[in-house]
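Observations on the three-dimensional arrangement
Residues per chain are reported as follows:
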Amino acid sequence: QAVVVDRFGGPDVLTLRDIPVPEPGPGQVRVKVVGAGINPVDTYNRGDGTWAGLSTPCVLGYDIAGTVDAVGDGVPADRLGASVMAIAFDCLGSHVIADARLVRIRPPELTAAEACALPIVFATAHHALIELGRLRRGERVLIHAAAGGVGLAAVQIAKSVGADIYATAGTPEKRAMLDALGVAKVMDSRSL
């Protein structure tokens, strides 16, 4: 089964539908889903699809946690039965196909609910700060909306490399949270 958007609109457009269990192709794994994350893009896509340029309804979801129950050609058989977290498309279903390169073993200290909240935000922050920005110890980085999902991931990554973090957040509560996380330079994103 999968949660499907049959038409664009409010929450009433979500439908649970029986779909065939997919088979993995070369370089892919099939994951029996235990938990799936919802991202802002899912809300936009459900609403009218314009954010992602969708012209037809879609299945939602990008972040999952679960167990590998089938592997495609080129994927080691020892992945079978592994407890994983992954980035996958259309993942609000009982089973999902994922590119094996986007699947990671779930650390045992994380619940499935925690694990399915991490892949997209950490992949985004890591790609931006480390791969593209080549952030290094002692460099300064400005992280807007640092109390959001990607922002919090960016804060953790920047702290791990020893960067000097300048962060913004829109409410006193969010700024206090960043301060409690050890971010020394926290500013109001809604004022000069």
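Preceding this paragraph is the structure being described.
Residues numbered from 1 in each chain as written. Predicted model: local features only at pLDDT ≥ 70, side-chain atom pairs only at ≥ 80, totals over all residues. Heavy atoms only, no water.

**A word on the nonpolar core**
With 19 residues, the main nonpolar core has Leu129, Val141, Ile143, Val155, Ala158, Ile165 and Leu178 as its most contacted residues. For this core, the secondary structure elements donating two or more residues are helix H3 (119-132), strand S8 (140-143), helix H4 (149-161) and strand S9 (164-169). Considering every element that reaches this core, the biggest residue donor is H4, with five residues. The residues touching leucine 129, leaving out its near neighbours within four places in the chain, are Arg134, Leu135, Val141, Ala154, Ile157 and Ala158. (Core = buried A, V, L, I, M, F, W, Y, C linked by side-chain atoms within 4.5 Å. Buried < 20%, exposed > 50% of the residue type's maximum accessible area, 1.4 Å probe, protein only. Helix = DSSP H or I, 4+ residues; strand = E, 2+ residues; numbered from the N terminus. Contact = heavy atoms within 4.5 Å.)

**Focus on the packing of H3 against H4**
Their axes nearest at 8 Å, the elements H3 and H4 cross at an angle of 50 degrees. Taken as axis vectors, H3 and H4 run oblique relative to one another. Classified by chirality, the crossing of H4 by H3 is right-handed. Across the interface between the two elements, Val121, Phe122, Thr124, Ala125, His126, Leu129 and Ile130 from H3 touch Gly149, Val150, Ala153, Ala154, Gln156, Ile157, Ala158 and Val161 from H4. A class-by-class count of the residues in the contact of H3 with H4 yields eleven nonpolar, four polar and no charged. (Axes fitted to C-alpha atoms, helices over the stretch in contact; angles between N-to-C directions. Parallel < 35°, antiparallel > 145°, perpendicular 65-115°, else oblique. Left-handed = near helix turned anticlockwise from the far one by under 90°. Nonpolar A, V, L, I, M, F, W, Y, C, P; charged D, E, K, R; others polar.)

**Some words on the packing of aromatic side chains**
Inspection of every chain in the model, using the stated rule, returns one aromatic pair. Summarising the aromatic geometry, the rings of tyrosine 62 and phenylalanine 89 are spaced 5.7 Å apart at their centres and angled 90 degrees between planes, so their arrangement reads as edge-to-face. Residue tyrosine 62 is located in the loop between helix H1 (40-47) and strand S4 (63-71), and its partner phenylalanine 89 is located in the loop between strand S5 (83-87) and strand S6 (95-99); the two are separated by 27 residues in the primary sequence. You can call phenylalanine 89 exposed: its relative accessible area is 56%. The ring of tyrosine 166 is capped by lysine 185, whose NZ or CZ atom sits 5.3 Å from the centre of that ring. (Phe/Tyr/Trp six-rings, centres within 6.5 Å; stacked < 30°, edge-to-face > 60°. Lys NZ or Arg CZ within 6 Å of the ring centre and 35° of its normal.)

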